[in-house]
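Structure assessment
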Amino acid sequence: MKWEGNRQSDNVEDRRSGGAGGGFRGGGLGGLLGGLLGSKLGVGTIVVALLGGWALGINPLTILGMLSGEGGPAPMVQQAPAQRPPADDRMARFVSTVLADTEDVWTDVFKKGGADYQKPRLVLFRGATSTACGQGQSAMGPFYCPADQKVYIDLGFYETLQKQLGAPGDFAQAYVIAHEVGHHVQHLLGISEKVQEARSRVSKAEGNALSVRLELQADCFAGVWAHHANNARQLLEEGDVAEAMNAAAKIGDDALQRGSGQAVVPESFTHGSSAQRQRWFDKGLKTGSVKGCDTFSSRAI
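Residues numbered from 1 in each chain as written. Predicted model: local features only at pLDDT ≥ 70, side-chain atom pairs only at ≥ 80, totals over all residues. Heavy atoms only, no water.

1. Describing the side chain of Gln186
Our working definition: We count a stretch as a helix when DSSP gives it H or I for four or more residues in a row; a strand needs E for two or more, and each element gets its number in order from the N terminus. Any pair of nitrogen or oxygen atoms within 3.5 Å is treated as a polar contact; in protein, a donor-acceptor pairing is required on top of that, and neighbouring residues in sequence qualify only through side-chain atoms on both sides. Only heavy atoms matter for contacts: two residues are in contact if any of them lie within 4.5 Å across the pair.
Mapped onto the fold, Gln186 is located in helix α5 (residues 170–188). A polar contact of 2.8 Å, which involves the side chain of Gln186, links it to the backbone oxygen of Leu214. Look past the residues within four positions of Gln186 in its chain and what remains in contact with it is Ile191, Ser192, Leu214, Gln217, Ala218 and Phe221.

2. Re the sheet that holds strand β1 (residues 12–14)
As a reminder, the rule being used: The pairing criterion is simple: DSSP has to find at least two bridges between the two strands. Inter-axis angles, ranging from 0 to 180 degrees, are taken between N-to-C directions of lines fitted to C-alpha atoms, where helices are fitted over the stretch in contact.
Judged by pairing direction, the sheet is mixed, and its four strands sit side by side in the order β1-β3-β7-β6 without closing on themselves. Looking at which strands have only one partner, the edges of the open sheet turn out to be β1 and β6 (143–145). Between one strand and the next, the sheet's axes are offset by a mean angle of 25°, whatever the strand orientation. Summarising the sheet, β1 and strand β3 (residues 121–124) pair through three bridges and their orientation is parallel. Within β3, the residue paired with Glu13 across the bridge is Val123.

3. Digging into the packing of aromatic side chains
What counts here: Stacked, tilted and edge-to-face pairs are distinguished by plane angle, under 30 degrees for stacked and over 60 for edge-to-face with tilted covering the rest, among Phe, Tyr and Trp rings (Trp via its six-membered ring) whose centres lie within 6.5 Å.
Here the structure, examined in full by the defined rule, presents nine aromatic pairs. On the numbers, 5.6 Å between centres and 70° between planes, the contact of Trp106 with Phe221 is edge-to-face. Of this pair, Trp106 sits in helix α3 (residues 90–112) while Phe221 sits in helix α7 (residues 204–233), placing them 115 residues apart in sequence. The structure contains a cluster of three or more aromatic residues connected by ring pairs, namely Trp106, Phe110, Tyr117 and Phe221.

4. Topic: the pairing of β3
Alignment of β3 against strand β7 (residues 150–153), held across four bridges, turns out to be parallel. In the sheet register, Arg121 faces β7, and the bridge partner there is Lys150.

Given below as structure tokens:
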């Protein structure tokens, strides 16, 4: 992936030297991974809202409650003033560069649609940090909090992605960020809130199905970003798409359930199967169409 020397975003906060508190209610890749990577069950709560709380019997859409701030105000701990990451931190520069690229793409996409894109902020943290959705923890993996419009990531997650999940590569890492930014796009479009409202009126199985469509759409939006970024800046190198497709496969609900020694139970899926995640990312990548990412109107996902 050709990223070095490209513009870096000014919307990055480095909290890695500070602490945090509160109770968490957010959504995204991280929210799901939580239960898988941190427990003996297998992988914990860490990856891309991918792995999810199902491993611990937690409905990731409880975590999706963080998408709407459901459950009342979360206790917050005052943070130190936001700091920029140090210039010699290569991984921080990578994250800042990918975020900048998503800003450029989505600003242009929204402008062509007659709207202004509100850029999210990305927070680097270690261990735990307070958010407007409650306390975020590394074990949850990367996540997006709509209440403060921020993406949160502990960079140690990338080691988990590579060594525990078997998904190495810089474009796999970029896919993770683009997926979380996809949740921000859903928030700006009012999609996340409508899904959360709908889930409150249906059964658990039906709610899980809505969650799957929401996550697959975020995957598709990640593909839309890659499509436009590559057209504008020739971002992709040989093997990059394979890296992203491999990451999508490793974090499918079926792959995670098998990896944790559980039976595959489609009714419990909240992020989609490996094949579904790959298919929707690929659709966004090939078409670059936001309308083409309408997972909610598609009969077959």
